[in-house]
Amino acid sequence: MEQFKGQPRLPKFAVPKRYDIRLKPDLSACNFAGLVSIDLDIVAGTKFIVLNAAELSVASDSVSFTHRGFSKVYMLRPSNIDLVENDEILVLEFAETLPIGIGVLTIGFEGTLNDKMKGFYRSTYEHDGEKKNMAVTQFEPADARRCFPCWDEPACKATFKITILDVPSELVALSNMPIIEEKVDGHLKTVSYQESPIMSTYLVAVVVGLFDYVEDHTSDGVKVRVYCQVGKANQGKFALGVAVRTLELYKNYFAMRYTLPKLDMVAIPDFANGAMENYGLVTYRETELLYDDQHSAASNKQWVVIVVAHELAHQWFGNLVTMEWWTHLWLNEGFATWVSYLATDSLFPEWNIWTQFLDELTEGLKLDGLAESHPIEVEINHVAETNEIFDAISYRKGASVIRMLQSYLGAECFQRSLASYIEKYACSNAKTEDLWAILEEGSGEPVKKLMNLWTKQKGYPVVSVKVKENKLVFEQSQFLSSGSHADGQWIIPITLCCGSYDMHKNFLLQTKSKTLDIKEFLGDKTDATSAWIKLNVDQTGFYRVKYDEDLAARLRYAIENKFLSATDRFGILNDSFALCMARQQSLCTLLTLMGAYREEPEYTVLSDLISMSHKVATIAADATPELLDYVKQFFISLFQYSAEKLGWEPKHGENHLDAMLRGEILTALAVFGHELTLNEANRRFLEFLDDRNTPLLPPDLRKAAYVAVMQRVTSSNRLGYESLLRVYRETDLSEEKARVLSSLASSPDPKIILEALNFLLSFEVRSQDAVCGLPVSREGRETAWTWLKDNWEHIFKTWGFGNLITHFVSAIVSPFTSFEKAREIEEFFASRTEPSMARTLRQSMERVSVNANWVLSVQKEEHLANTVKELAQRN
Ligand code: BES
Ligand code: ZN
């Protein structure tokens, strides 16, 4: 018995083949009863059956193991049943050794429909003014065990035959497979579903509630439905169209059809994550699935496409071919992230979505620049560690290294190999190295040797490049945001262009450094002493580049003269920002470079420039408060060019990116205190209060207006705050609620911030939404920290069960910029760390110390005052 405790994985004496699950949820009492019969293959002589179960009560007389002898069926009862809650396992001990071969394990159990948004849980909604419950499952990573006893590991695939018993007959009851029978008995019904193909437990799903739906089908007859709250079916139409087209696209791309007869997508009012790819029954937060013509912003529309494309990618990558263990989670998430861009680009080519992929790249680089990062392939020794790895490393770095490899191997070869991979591992499990083996075979390139360095090792390199006589000298070293030294080394696919995009060269940097004769590859056509040289062309590589002064000046010139592509302009700026934070470059240099982007037209580049400017302003406010006004003035002048070009009025039929840009630019101007923007925003907001459909405040402008309103709210002038709360209370669109929440704490008044934070804890805010309201203004950061400490017990109790708690920690801790604060935070958490947030806390603490060092080095910069003043005055 003891030997089974404290183990990361279940023993493999018994292999589940088929589950027959009968669930009887009681939506008013919020509990459920169940009976599961599992066909087991006993593969080793054992007296024990060990499987997962948690928060379930098992009636001992309901447990039996039956197997067939020569002429009769034997039924065994366990001599001992032990539910070990700590390890989430159920240990059944039998008096005799179980016979090798097939048998059936039957277990009866009961549980609670919990409020934790995991396992089998309750979500609430209103219908005809009445509050109602629905029953929903969320099993990934390891919560199927909270719904029925099972082998809850991704490699233990089996088929599932599900029956839902005795639910009110007017409700919709959904599961992974189509319904085969619905038996109505009075006002209750029992619904049974077809048996599924073999799949992992974390993909099993059930939803029972009141819904409307819209329906369509693919050209080969897959029935697709979007289920929403009664009355909101119209809002599901956009996602429905996207899903149908995406399924057809993936069928071609993966050279394999979607394997189930139907695909349902359901909007769930209380949902811990964004969406979940359950096989054939994908669940979503309302904001990720619903699109309202009148009230949704362009960014929300784009988000719906990305999320639907992501979850549908999992139907192949994840559901059909599943990772062997959580160490390979990135195969699921990195791929789905990458493929979602491929699909979005194909559906909406005018969005230029690949330039926005650079946000994924940047977020990956940011997290992986911390010493407290982790390798893509990360060891998982306890289930509690699993939630935390659904992070920027698995998703964004994962997606980025895939893109890097694809661009190195070529799109066609890559796609062909992926299709072979899907075919070879369909209905089974794969590890990272299995994918490399297939890509290696398909390309003839040393994929495994190359990629192991990127997935088994954390971090990434910065490539320094300088000109020396007629030579280019490259040198790699590990990049850390802290500026400290580490000795990682990589094989880096280097690409570079010189003077024009026609003049390019590619090679693998396999050593620490390398010298290249410029003439050798450029001939005499390009003037190597003055032409711009850009490495990491199109930013397909997962690394940073540091140019020497001469090369950096040439690039600045090329940016000002519009010689470079948007992706390259993005990369140069983002690398420079990171180098500045790591104190390898002065703030003067960064600000001067930012000045070269005055006429920048591209959404993605400007959006990144905006986030940088907020960070720089925070650092400046702490390092050199006397310069803050100049810094703000500089940023205002930088954004004014686009602000004037775009104006407040959306142009008829304008481009999607301009619509998003307008909102972000105006929001930034509002935050930096630009008077004209604040006045105009407040004026439009008043109109909006009178008429929620006023053309003066279309959805794309609302965030800017809300933030602008909050800039002028103080404890003696609360009207704007109260009005926003009214908007929150009066809308039934989740997106609108989230928009208001994310604006409330942008007020510069700490008293208001405290009110806004307390509002997040009130019954009026669903616990899924509270995290939207966490980023607070710099002026409110101290208040937020005190609030977190004062309410920690409650916060941990409400959000500590999944990964939402990590948002509380990182949003509130990371903005600090002093060592003193770091010590205080460390002390507070010393007695409160939990395995589910340990890594996030360490990362947030490291961010504080990176900030603190940055502040100190900015204070030492000699020419900063002059540079800032000069930039602020140049218009
Ligand atoms: N498989 C995840 C859902 C998930 C996340 C389960 C974390 C357990 C823990 C799903 O495919 C996913 O990645 N959802 C994202 C949205 C996506 C578009 C980035 C999410 O929930 O944020
Ligand atoms: Zn995913």
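Residues numbered from 1 in each chain as written. Chains lettered and ligands numbered in written order. Predicted model: local features only at pLDDT ≥ 70, side-chain atom pairs only at ≥ 80, totals over all residues. Heavy atoms only, no water.

Participant: Where do I start with the overall build of the chain in this structure?
Facilitator: A count of helical and extended segments in the chain gives 27 helices and 30 strands. The globule rule puts the C-alpha radius of gyration for 875 residues at 29 Å, and the 28 Å found for the chain is close to it. Projected onto its principal axes, the C-alpha positions of the chain cover 90 × 65 × 55 Å. For the chain, buried positions account for 60% of its 875 residues. Pairs at least 24 residues apart make up 71% of the contacts formed inside the chain by residues separated by at least 6 positions. Total accessible area computed for the chain in this model is approximately 33,300 Å², and 48% of it derives from carbon and sulfur atoms. Computed over 91 positive and 117 negative side-chain charges, the separation of the two mean positions in the chain equals 2 Å. (Helix = DSSP H or I, 4+ residues; strand = E, 2+ residues; numbered from the N terminus. Rg over C-alpha atoms; globule rule 2.2 N^0.38 Å. Buried < 20%, exposed > 50% of the residue type's maximum accessible area, 1.4 Å probe, protein only. Contact = heavy atoms within 4.5 Å. Areas by Shrake-Rupley, 256 points an atom, 1.4 Å probe, with all protein chains shown as cover. Lys, Arg positive; Asp, Glu negative; His and termini not counted. Charge placed at Lys NZ, Arg CZ, Asp CG, Glu CD.)

Participant: Where do I start with the state of the cysteines in this structure?
Facilitator: Every disulfide links exactly two cysteines, by a covalent bond between their sulfur atoms. Taken as a whole and assessed by the stated rule, the structure comprises 0 disulfides. Take Cys 150: it sits in no disulfide, and the sulfur closest to it among the cysteines is that of Cys 147, at 8.5 Å. Cysteine Cys 588 shares no disulfide, and the gap to the nearest cysteine sulfur, in Cys 580, comes to 9.1 Å. Assessed through its relative accessible area of 12%, Cys 588 is described here as buried. (Disulfide = S-S within 2.5 Å.)

Participant: Is there a simple way to explain the environment of Glu 736 in this structure?
Facilitator: Examined against the element boundaries, Glu 736 turns out to sit in helix α20 (residues 734-744). In the structure, Glu 736 is positioned 33 residues away from Lys 703 in sequence and 9.3 Å away in space, judged by C-alpha atoms. Among all residues touching Glu 736, those that are not within four sequence positions of it are His 295, Arg 702, Tyr 706, Val 727 and Thr 731. Among the polar contacts listed, one links the side chain of Glu 736 to the side chain of Arg 702, at a separation of 2.7 Å. Among the polar contacts listed, one links the side chain of Glu 736 to the side chain of Arg 739, at a separation of 3.0 Å. (Polar contact = N/O pair within 3.5 Å; in protein donor to acceptor, adjacent residues only side chain to side chain.)

Participant: Before we go on, may I ask you to explain the packing of aromatic side chains in this structure?
Facilitator: Both the distance between ring centres and the angle between the ring planes are used here to describe each pair of aromatic rings. The full count for this structure, using the stated rule, is 54 aromatic pairs. Judged by centre distance (5.6 Å) and plane angle (45°), the ring pair of Tyr 250 and Phe 254 falls under tilted. Under the relative-accessibility criterion, Phe 254 is labelled buried at 0%. When the ring of Trp 354 is compared with that of Phe 357, the centres are 5.3 Å apart and the planes differ by 50°; the resulting orientation is tilted. Here Trp 354 pairs with Phe 357, and both are found in helix α5 (residues 353-368), just 3 residues apart, close to one helical turn. Sitting over the face of the ring of Phe 688, Arg 692 holds its NZ or CZ atom 5.4 Å from the ring centroid. For the cation-ring pair, Lys 821 lies above Phe 816, with the distance from its terminal atom to the ring centre recorded as 5.1 Å. (Phe/Tyr/Trp six-rings, centres within 6.5 Å; stacked < 30°, edge-to-face > 60°. Lys NZ or Arg CZ within 6 Å of the ring centre and 35° of its normal.)

Participant: Teacher, can you tell me more about the sheet that holds strand β26 (residues 492-498) here?
Facilitator: Strand pairing in a sheet takes place through backbone hydrogen bonds and is either antiparallel or parallel in direction. Taking strand neighbours across the sheet as the criterion, the 3 strands line up as β27-β26-β29 in an open arrangement whose pairing is antiparallel. In this open sheet, the two strands that pair with only one neighbour each are β27 (500-509) and β29 (533-535). Shown here is a sheet whose adjacent strand axes are inclined to one another by a mean of 20°, direction ignored. As paired elements, β26 and β29 share 3 bridges and run antiparallel to each other. Directly across from Leu 496, in β29, lies its bridge partner Leu 535. (Pairing = 2+ DSSP bridges. Axes fitted to C-alpha atoms, helices over the stretch in contact; angles between N-to-C directions.)

Participant: When you look at the site of ligand 1 in this model, what are you seeing that I'm missing?
Facilitator: Surveying the vicinity of ligand 1 reveals 15 residues, the closest of which are Glu 140, Gly 274, Glu 277, Glu 311 and Tyr 395. In the environment of ligand 1, an oxygen atom lies 2.7 Å from a nitrogen or oxygen atom belonging to the side chain of Glu 311. Between ligand 1 and Glu 333 there is a distance of 2.8 Å, counted from a nitrogen atom to a side-chain nitrogen or oxygen. When ligand 1 is considered free in solution it has 510 Å² of accessible area, and contact with the protein chains removes 88% of it. Secondary structure elements with two or more residues in the shell around ligand 1: β20 (275-276) and α3 (298-316). Element by element, the count of residues in the shell around ligand 1 is highest for α3, at 4 residues. Of the residues assigned to the shell around ligand 1, the class counts are 5 nonpolar, 6 polar and 4 charged. (Near = heavy atom within 4 Å. Nonpolar A, V, L, I, M, F, W, Y, C, P; charged D, E, K, R; others polar.)

Participant: Looking at this model, I keep getting lost on the coordination of the zinc ion (ligand 2). Mind explaining?
Facilitator: Note on metal sites: the ideal angle is 109.5 degrees for four tetrahedral donors, and 90 or 180 degrees for six octahedral donors. Around the zinc ion (ligand 2), the protein supplies His 310 (NE2), His 314 (NE2) and Glu 333 (OE) as donor atoms, at distances of 1.9 to 2.1 Å. Taken in chain order, the donor set of the zinc ion (ligand 2) reads H-x3-H-x18-E. Separated by 23 residues along the polypeptide, His 310 in helix α3 and Glu 333 in helix α4 (residues 329-347) bring together distant segments of the chain. Owing to a relative accessible area of 9%, His 310 belongs among the buried residues under this scheme. Judged by relative accessible area, which is 1%, Glu 333 ranks as buried. (Donors = N, O, S within 2.8 Å, 3.2 Å for Na, K, Ca; no water.)

Participant: Quick question: what am I supposed to make of the side chain of Thr 840 here?
Facilitator: With respect to the secondary-structure elements, Thr 840 resides in helix α26 (residues 838-859). You can call Thr 840 buried: its relative accessible area is 11%. In this structure, Thr 840 is in contact with Glu 388, Thr 806 and Ser 810, ignoring residues within four places of it in sequence.

Participant: Would you mind going over helix α13 (residues 587-595) with me for this structure?
Facilitator: Residues separated by three or four positions in an α-helix point in the same direction, a consequence of the helix having 3.6 residues per turn. α13 sits mainly inside the fold: 7 of its 9 residues count as buried. Those residues of α13 lying buried are Leu 587, Cys 588, Leu 590, Leu 591, Leu 593, Met 594 and Gly 595. Buried-residue contacts for α13 involve α11 (549-560), α12 (566-581), α14 (603-623), α15 (628-646), α26 and α27 (864-873).

Participant: Looking at this structure, I do not really get the nonpolar core. What am I missing?
Facilitator: Here is a general trend for soluble globular proteins: nonpolar side chains tend to be buried in one another's company. Among the nonpolar cores identified, the biggest contains 319 residues, and Leu 105, Phe 148, Trp 151, Trp 338, Met 594 and Phe 635 are the most heavily contacted of them. Apart from residues no more than four positions distant in its own chain, Phe 635 is found in contact with Leu 591, Met 594, Ser 613, Val 616, Ala 617 and Phe 672. (Core = buried A, V, L, I, M, F, W, Y, C linked by side-chain atoms within 4.5 Å.)

Participant: How should I be thinking about the environment of Ser 394 in this particular structure?
Facilitator: As for its placement among the helices and strands, Ser 394 is situated in helix α6 (residues 392-409). The exposure class of Ser 394 is buried, given its relative accessible area of 1%. Beyond its immediate chain neighbours, meaning those up to four positions away, Ser 394 contacts Leu 329, Trp 330, Glu 333, Gly 334, His 374, Ile 389 and Ala 399. A polar side-chain atom of Ser 394 sits 2.6 Å from the main-chain carbonyl oxygen of Ile 389.

Participant: Please clarify how helix α22 (residues 781-790) should be interpreted in this entry.
Facilitator: Buried residues of α22: Arg 781, Thr 783, Ala 784, Trp 785, Trp 787 and Leu 788, and no others. The inward-facing, buried residues of α22 contact α14, α21 (750-760), α23 (792-799), α24 (804-813) and α25 (819-830).

Participant: I keep staring at the packing of α3 against helix α16 (residues 656-671) and nothing clicks. Help me out?
Facilitator: Helix packing geometry: the angle between the two helix axes and the distance between the axes. α16 packs onto α3 with a crossing angle of 125° between their chain directions and a minimal axis gap of 8 Å. When the interaxial angle is binned, α3 and α16 end up oblique. Here Ala 298, Ser 299 and Gln 302 of α3 come into contact with α16, specifically with His 656, Ala 659 and Met 660. (Parallel < 35°, antiparallel > 145°, perpendicular 65-115°, else oblique.)

Participant: Would you mind going over the packing of α22 against α24 with me for this structure?
Facilitator: Running from N to C, α22 and α24 cross one another at 145°; their axes reach a closest spacing of 9 Å. Like other packed secondary-structure pairs, α22 and α24 cross with a definite hand, here left-handed. Every residue of α24 that contacts α22 at Ala 784, Trp 785, Trp 787 and Leu 788 is listed here: Phe 808, Ile 812 and Val 813. Counted by class, the contact of α22 with α24 contains 7 nonpolar, no polar and no charged residues. (Left-handed = near helix turned anticlockwise from the far one by under 90°.)

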